[in-house]
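Notes for the structure review
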Amino acid sequence: MKASGVFAMVLSLLLAALLGFYVPLKIVEGVSAKSLDPIFGGVVAVVSVIAGAALGFFALVFTVVLPFAESEERGETSYALRLREIEERLTVYRARQRAMLEELDAIKKELEEIRDILKEGMGV
């Protein structure tokens, strides 16, 4: 999972926890301190818990469950694509190595010719 996906999941779950637990806790404190109407507090607390639960559910579904389900569906095709890509890279690498060996053989022949010329010139 990408870092942005992890960040989005953590942020969504944190917001869900705030809506599901912290807001109702503060509403209960407000109602018990008689600074908030009990009916209004109850409605807001219920709505907050429902919104937190929905946000938490969708955060988990969209950031954890769906990517894994899609990766399982594409598992065989992505494996075949990766395998084909690796084979293509190997083919290119082998061709490059063959070309390098041919160049080295040509260089070796040139060096042997230079050696022979130098031996003849020195009279050895």
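Throughout, residues of each chain are indexed from 1 in the direction in which the sequence is written. Only residues with pLDDT of at least 70 are given local features in this predicted model, and only at 80 or more are side-chain atom pairs given and counted; all residues enter the totals for whole chains, interfaces and linings. Water and hydrogen atoms were dropped before computing side-chain values, which therefore reflect all heavy atoms in the structure.

1. Digging into the confidence of the model for the protein chain
Cut-off, in case you're wondering: Here pLDDT means the predictor's own confidence in every residue, given as a number from 0 to 100. Helix and strand assignments follow DSSP, with helices taken as H or I runs no shorter than four residues and strands as E runs no shorter than two, numbered in order from the N terminus.
Per-residue confidence for the protein chain gives a mean pLDDT of 85; residues scoring 70 or more make up 87%. Here helix α2 (residues 38-73) stands out as the element of the protein chain with the lowest mean pLDDT, 82, in contrast to helix α3 (residues 75-122), whose mean of 89 is the highest.

2. Points about the packing of aromatic side chains
Put simply, the rule is: Here is the rule: rings of Phe, Tyr and Trp (six-membered ring for Trp) pair when centre to centre is within 6.5 Å. Planes less than 30 degrees apart are stacked, more than 60 are edge-to-face, and the remainder are tilted. When a residue's accessible area, from a 1.4 Å probe over protein chains only, is under 20% of the maximum for its type it is buried; when over 50% it is exposed; and in between it is partly exposed.
As enumerated under the stated definition, the model contains 1 aromatic pair in all. Here F57 and F58 contribute two aromatic rings whose centre-to-centre distance is 5.2 Å and whose plane-to-plane angle is 70°, an arrangement assigned as edge-to-face. Relative accessible area serves as the criterion here: at 44%, F58 is assigned to the partly exposed category.

3. What about helix α1 (residues 3-32)?
As a reminder, the rule being used: Expected span, for any helix, means 1.5 Å times one less than how many residues it has. What the bend at a residue measures is the angle between two axes, fitted to the seven residues ending there and to the seven starting there.
The end-to-end C-alpha distance of α1 is 42 Å, a good match for the 44 Å that 30 residues give at a rise of 1.5 Å each. At L18, α1 shows its maximal bend, which comes to roughly 35°. Of all the positions in α1, only G5, M9, A16, G20, P24, I27 and G30 are classed as buried. Count one or two residues on from α1 and you reach K34, which has phi positive near 60°.

4. Regarding the environment of D37
One can find D37 in the loop between α1 and α2. You can call D37 partly exposed: its relative accessible area is 44%. Between the C-alpha atom of D37 and that of I27, which follows or precedes it by 10 residues, the distance is 9.6 Å.

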